[in-house]
Amino acid sequence: MYPDDLKYSKEHEWVRMNGNIAEIGVTVFAQESLGDVVFVDLPDVGTDVAQFAKFGEIESVKAVSDLFSPVGGKIVEVNAAAIDSPEVVNEEPYGTGWLIKVELADASQLDDLMDSATYQPTLE
Amino acid sequence: MASSANTSVNHPYIPSTDSERAEMLEVIGVDSLDGLLGDIPIEHRHPKLDIDAGLSEQELSTVFGSIAAENASSSSGYISFLGAGSYSHYIPSTVRSILQRGEFVTAYTPYQPEAAQGTLQVGFEFQTIICQLTGMEVANAGMYDGPTAFAEACLMAARVTKRTKIGVLSTADRRLPDTLLAYSKYQGIEIVEISTDATEIPDDLACIGIQSPNFFGEIEDIERLTNLAHENGALSVVHVNPTALGMFKAPGEFDVDIVTAEGQPLGVPMAFGGPYVGLFACKKAHIRQMPGRIIGRTTDTKGRAGYVLTLQTREQHIRRERATSNICTSTQLIGLMVTVYTATLGKQGIKDLASLCYQKAHYAASEINGLAGFSVESLGSGGTFFHEFVVTCPESVSKINAALLDKKIIGGLDISDRLDNGMLVCVTETSSKADIDKFVQALSQIGASA
Amino acid sequence: MTISAHAGDIDRRLLMDRSVTGRKAFTLPDSDVPEQNLPDSSFLRDDVELPEVSQLEVIRYFSVLSQLNFSIDTNFYPLGSCTMKYNPKINDELSNLPGLADIHPLQPDETVQGAIRLLKNLQDDLGEITGLPGVSLAPLAGAQGEYAGLLIARAYHNARNDSVRTVAIIPDSAHGTNPASAAMAGLDVVTVRSDDQGNVDVVNLRELANENTAVFMLTIPSTLGLFEPNILELTKIIHDVGGLVYADGANLNALLGLVKLGDLGVDICHSNLHKTFSTPHGGGGPGSGPVMVTDELAKFLPKPVAEKTDDGYVLATPEMSVGSINGFHGSFSIAVRAYAYIKALGLEGLQSVSENAIISANYIQAKLRDKYDLAADRYCMHETVLSAARQKKRGVAGLDIAKRLLDFGIHAPTMYFPMIVDEALMVEPTESESKETLDHFIAVMRQIDDEVDSAPELVHEAPHDLPVTRLDEATAARKPVLRWTAD
């Protein structure tokens, strides 16, 4: 449910590092709380986002939530599949349902995030 | 004043009897109604009210009959040439008949789609018809009225372009920018007037708001103005008369971004100004910024087609202070009237209707233009008008209209605030040639004695 | 192909799919004027693709569709906060009278004296009922009345050069239009908490109220169906810091003749004529949301306001009006119906409306409280907010219970509102329903509670007996199909 190789924020986003590129999505807990995801609104590639700042919105049939970036930096890629077929966020939140990739500005920001073992108890 | 359950009167609208009330109060565990009102400050409970005693249904009919009789209308032998946003059209019997269906009239907003498929399918038909009429990709299920639809369209353009300056064409009905002003006053929006022959516009406009036919009845050059808007990164918002769309090119043919209209001409009584319905259509790309209710098609658990309210996260009940609008109605019942009306007229009828209005209005204009002292003016982009036109009169319109009223004629609208001695005349299919000739002859007599 | 023999099967094809070239439902008269020149063909369009169907097809299509609806005329509709009461038929008839339905909004005042007199009389009655004598009937719905009220509040502060007031304080139990309208009026929304009794937290309000407070928006009775016991203190807190109190009148059906909002320190309110004053909901409008204010604020009302002068009745623009919030004079036909309703009931009848609405709601609450949790354990006003929290623990959500009610021909209560109540089911019976109907509803609700354990799948999969089962709203939103297309 909460892979060990990811880092987690208290707003229920996850980060996967590949070199200095941070891949970002929402956790199983987030997608289950939302229910069927019907729309994601993501920023333009090339824009900057600050750590813990809002970068988009995610909608289910009857709820809308802000998306907050667990790390700051320049957005280098957004997931077109999640925009075209938002159900992938429900189906594979850690895989094809990722949302944005950010070029990490400051690696020390990762220290502000939780590992799986720390994140899971916060869900109870 | 004493009050308890036993003071309740028995009324046809209230079924509970004294003994039933007593029985219910006993179950609740209080002696009287006042036992349930403990939270209301006692000094303010049961205030004195100056309201008349109730009337029987028969008495009501008499009272309202006499109120109605105090008003001048076609039913009391008057003929009228008023338009300017509310139009006299014949309403087919099918519209009145379907309007008798309590299942439509007394239903609530379709929040439980399984129990509201009738309302929802009608709404889907309505959205389809508005798209077919305007040539646009998507439409919502209805707004309050034409001017509020226009105001919301301009605010939507501001959201889409992330700009705050809104241009409105100088030939638009002032009710459009006036309503926009009331809607946008505290949202940091600036409204500027754009001349109908403008070749340049500010480069920070969110949109150009164009009314066509404009307030003076004339067709605007939607194509040129839309291109001008797009060249400057602005949207084009076009406010149409839906009857004219039976004849004139649809705004969708000109790459317009948002189309609004007053739906009243499509089968809705003039009723002293309301309720009407605002029509609202746009390009599919902008749908998430669209205000109002939207109905979509889907399937049930058995795979059967059905309809639901959709894209609801735009709306106030979910997004609250960040909603696209505070509107929480689609003026559904008036949308039903529009839907039945257009279905009844059909492909041929809408064309015949537009043609009839055009023919009669142009006949009236040519007759009036031939009168000494009267002349038909062109104030718009080319002088091609649909069923309304402007006449300058040999004396003040108020005097002329007073004289016309003596002959049971309600003259055109006095627009002397926009043009000296200007009268805006509207002629639809409900005016016979005899009515028009009577009007022309009366103008001739009044003009001669001026 | 075999045709299935089910009288109940419904043909749901859309009009365009029924269209046959050359069919018509209507004929326009021939032109009786000499033929006029058409404009240049560059102005003209090709055909409008509207359906071609016969007149009978129009009538049958819409009549059959109507039968797929629940409505007040056919079903009990205990939809909280919506006041689904009987819509008297005489009101529809009167609004369609020649002389009322066929008058133009721009006719000279002297030709519409009856219409303006009617508006003036309705203004006076609404002013009397609410204790707020300045009335404009212009707003076209509750949300517009609310927005007009906020414009008035802002205009009042601005006129006193008190323009730093940019905050609207709104309870956490408020309807979504409150914050949406506040945002439209350029106000920042600050939320005041409810206490454990469901009342506005007085201490919290005192902390939040200050020199920036423009307006406090309060629904009376609250969306929990409760009358604020501290109302006089709440309004005083706001007045002491120079703010105004706005009352959302959505729940006015509880107060007719029992208390006047103006007496409680309310400065501005709106009323939904389509709720308290019985005008039909129409499947989602048209509504009407008159705004009522104190004498001091009357000069700011949106135009027009009907007035009586020595020369007769006129439609006037108040001295410092906030302007036009829509095209003409408001929902006139709705005003006609509401006025007919007030005239039919009269003073005693109006009082009886609220008395019976309150007794009926408390009766339901008393009869269901052993099976369903209450949002607040005290007497309610005209509606009671139940919670399906207990049922949720046993595996069935409030949504399922609401859907199961449909199988019994009863419309669902308002669900999941107010948001501060877990699994909320808000029930408003109104004064229109007989004790037999209330008892039937109570019995059904108790039976559904049994089914939660005895036959949970019946509840989970409800409704079973309607034109459609549950609909796939997720796909509707992901891949929107919003109109007919040829394919």
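Residues numbered from 1 in each chain as written. Chains lettered and ligands numbered in written order. Predicted model: local features only at pLDDT ≥ 70, side-chain atom pairs only at ≥ 80, totals over all residues. Heavy atoms only, no water.

### Regarding the packing of helix α2 (residues 57-69) of chain B against helix α9 (residues 332-368) of chain C
Using the following cut-off: Lines fitted to C-alpha atoms define the axes here, with helix axes fitted over just the stretch in contact, and angles between the N-to-C directions of these axes take values from 0 to 180 degrees. Secondary structure elements are taken from DSSP: a helix is a run of H or I of four residues or more, a strand is a run of E of two residues or more, and numbering for both begins at the N terminus. When describing relative orientation, an angle under 35 degrees is termed roughly parallel and one over 145 degrees roughly antiparallel, while 65 to 115 degrees is termed roughly perpendicular and anything else oblique. When the near helix sits turned anticlockwise from the far one by under a right angle, the crossing is termed left-handed; a clockwise turn instead gives a right-handed crossing. Here a residue-residue contact requires only that any non-hydrogen atoms of the pair lie within 4.5 Å. As a working rule, the residues Ala, Val, Leu, Ile, Met, Phe, Trp, Tyr, Cys and Pro are called nonpolar, Asp, Glu, Lys and Arg charged, and the rest polar, with Gly in that last group.
Following both chains from N to C, one finds α2 of chain B and α9 of chain C inclined at 140 degrees, their axes separated by 11 Å at the closest point. Between α2 of chain B and α9 of chain C, the angle falls in the class oblique. At the point where α2 of chain B passes α9 of chain C, the crossing takes the right-handed sense. Together, L60, F64 and I67 of chain B of α2 of chain B and V336, Y339, A340, K343 and A344 of chain C of α9 of chain C make up the contact between the two elements. In terms of residue class, the contact of α2 of chain B with α9 of chain C is made up of seven nonpolar, no polar and one charged.

### Description of the interface of chain A and chain C
Where we set the bar: Two parts lose some accessible area (1.4 Å probe) when they are put together, and adding that loss for both gives the buried area. Put simply, a salt bridge is a Lys or Arg side-chain nitrogen that is within 4 Å of an Asp or Glu carboxyl oxygen. Between N or O atoms, a polar contact is any pair within 3.5 Å; within protein, one atom must be a potential hydrogen donor and the other a potential acceptor, and residues adjacent in sequence are included only when both atoms are from side chains.
Facing 10 residues of chain A, the contacting portion of chain C comprises five residues. Of the roughly 550 Å² buried between chain A and chain C on both sides combined, carbon and sulfur atoms contribute 49%. Counting the surface chain A buries against chain C, the share from its top three residues, V38, V61 and E87 of chain A, is 60%. Where chain A packs against chain C, one counts one salt bridge. One salt bridge in this structure joins E87 of chain A and R478 of chain C, with 3.5 Å as the shortest N-O distance. On the surface where chain A and chain C come into contact, there are three residue pairs in polar contact (both at pLDDT 80 or more). Looking at the side of chain A that touches chain C, the elements that each hand over two or more residues are β4 (37-41) and α3 (87-91) of chain A. Counted by class, the side of chain A that touches chain C contains four nonpolar, two polar and four charged residues.

### Examining the state of the cysteines
What counts here: When two cysteine sulfur atoms lie within 2.5 Å, the pair is treated as a disulfide. For the exposure calls, accessible area comes from a 1.4 Å probe over protein chains only, and a residue counts as buried if that area is under 20% of its type's maximum, exposed if over 50%, partly exposed in between.
One pass over the structure, following the stated rule, counts zero disulfides over all chains. C207 of chain B provides the cysteine sulfur closest to C154 of chain B, a residue in no disulfide bond, and the two sulfurs are 4.1 Å apart. Look at C154 of chain B and you get buried, because its relative accessible area is 0%. Its sulfur unpaired, C328 of chain B is 9.7 Å from the next cysteine sulfur, which belongs to C82 of chain C.

### With respect to the confidence of the model for chain B
Note the threshold: You can read pLDDT as the predictor saying how much it trusts each residue, on a scale of 0 to 100.
A residue-level look at chain B finds 97% of positions with pLDDT of 70 or above and a mean pLDDT of 95. With pLDDT under 50 throughout, residues 1-6 of chain B is counted as low confidence; its partners more than four residues away or in other chains account for 14 contacts.

### Thoughts on the interface of chain C and chain B
Listed as interface residues are 192 residues of chain C and, on the opposing side, 187 residues of chain B. Summing both sides of the interface, chain C and chain B together bury roughly 16,400 Å²; the carbon and sulfur share of this comes to 63%. A per-residue breakdown of the area chain C buries against chain B is headed by R45, L482 and R483 of chain C, which together make up 5% of the total. Inspection of the chain C/chain B interface yields eight salt bridges. Among the ionic pairs, K351 of chain B bridges to D47 of chain C, the shortest N-O distance being 2.6 Å. Connecting chain C to chain B are 87 residue pairs in polar contact (both at pLDDT 80 or more). The element contributing the most residues to the side of chain C that touches chain B is α9 of chain C, with 28 residues. Tallied by class, residues from the side of chain C that touches chain B come to 107 nonpolar, 50 polar and 35 charged.

### Considerations on the environment of L122 of chain C
All names here are of chain C. With respect to the helices and strands, the residue L122 is situated in helix α4 (residues 113-130). Its relative accessible area of 0% is what places L122 among the buried residues. L122 has contacts with L137, L273, A335, A338, Y339 and I342, leaving out every residue within four places of it along the chain.

### Observations concerning the sheet that holds strand β12 (residues 388-392) of chain B
All names here are of chain B. Going by this rule: Paired strands are those between which DSSP finds at least two bridges.
Pairing is antiparallel across the open sheet formed by four strands, whose spatial order is β11-β12-β15-β14. The strands lining the two open edges of the sheet, one partner per strand, are β11 (375-377) and β14 (413-414). Sheet analysis places β11 next to β12, joined by three bridges and oriented antiparallel. The residue bridging V376 from the neighbouring strand is V391, located in β12. Against the sheet, helix α10 (residues 332-369) engages β11 and β12, with an angle of about 10 degrees to β12. Set on the sheet, helix α11 (residues 397-406) makes contact with β14 and β15 (422-426); between it and β15 the angle comes to about 45 degrees.

### Comments concerning the pattern of salt bridges
Residues and elements named next belong to chain B. The final tally for this structure, using the stated rule, is 48 salt bridges over all chains. Where K165 meets D204, a salt bridge forms, and the shortest distance between an N and an O atom there is 3.3 Å. Taken together, the residues span a long stretch of sequence, with K165 in strand β3 (residues 165-169) and D204 in the loop between β4 (190-194) and β5 (205-211) at a distance of 39 residues. You can call D204 partly exposed: its relative accessible area is 33%.

### Here we look at the domain arrangement of chain B
Residues and elements named next belong to chain B. Cut-off, in case you're wondering: Domain delimitation follows an automatic or database domain assignment.
Considered domain by domain, chain B is made up of domain 1 (74-90 + 349-448) and domain 2 (95-339). Summarising the inter-unit geometry, the C-alpha centres of domain 1 and domain 2 are found 29 Å apart. Together domain 1 and domain 2 conceal approximately 2,400 Å² of surface at their shared face, both sides included; 58% is due to carbon and sulfur atoms. Across the domain 1-domain 2 interface, the total number found is one salt bridge. Between D417 and R174 there is a salt bridge; the shortest N-O distance is 3.7 Å. Where domain 1 touches domain 2, the interface holds seven residue pairs in polar contact (both at pLDDT 80 or more). If you list the elements that add at least two residues to the side of domain 1 that touches domain 2, you get α10 and β12. If one sorts the elements of the side of domain 1 that touches domain 2 by residue count, α10 sits on top with seven residues.

### What about the packing of aromatic side chains?
Residues and elements named next belong to chain C. Worth spelling out the cut-off: Working definition: a ring pair exists when centres of Phe, Tyr or Trp rings (six-membered ring for Trp) sit within 6.5 Å. Plane angles under 30 degrees give stacked, over 60 give edge-to-face, the rest tilted.
A full pass over the atoms with the stated rule returns 19 aromatic pairs over all chains. Relative to F441, the ring of F76 has its centre 5.6 Å away and its plane inclined at 80 degrees; by these criteria the two rings are edge-to-face. Residue F76 is located in the loop between α2 (55-66) and α3 (89-95), and its partner F441 is located in helix α12 (residues 435-454); the two are separated by 365 residues in the primary sequence. When its relative accessible area of 8% is taken as the criterion, F76 is described as buried.

### A few points about the side chain of R154 of chain C
The condition is simple: Charge assignment: positive for Lys and Arg, negative for Asp and Glu; neither His nor the chain ends contribute.
Locating R154 of chain C in the fold gives a position in helix α5 (residues 142-159). Although R154 of chain C is buried, it forms no salt bridge, and the closest oppositely charged side chain is D188 of chain C at an N-O distance of 8.2 Å. Not counting chain neighbours up to four residues away, the residues in contact with R154 of chain C comprise Y186 of chain B together with R165, T166, A185, G186 and L187 of chain C.

### So, the sheet that holds strand β2 (residues 13-18) of chain A
Residue and element names in this part refer to chain A. Taking strand neighbours across the sheet as the criterion, the six strands line up as β1-β2-β3-β9-β8-β5 in an open arrangement whose pairing is antiparallel. Single-partner strands in this sheet number two, and they are β1 (7-8) and β5 (48-49). Sheet topology note: the β2/strand β3 (residues 21-26) ladder contains six bridges and is antiparallel. Residue pairing for β3: R16 is matched across the bridge by E23.

### So, the side chain of E13 of chain A
Residue and element names in this part refer to chain A. Among the secondary structure elements, E13 is positioned in strand β2. No salt bridge is formed by the buried E13. Its closest oppositely charged neighbour is K10, at 9.0 Å. Within the structure, the side chain of E13 is placed 3.2 Å from the backbone nitrogen of F68, a separation counted as a polar contact. Dropping the residues within four chain positions of it, E13 is found in contact with K7, Y8, G25, V26, T27, D66, L67, F68 and P70.

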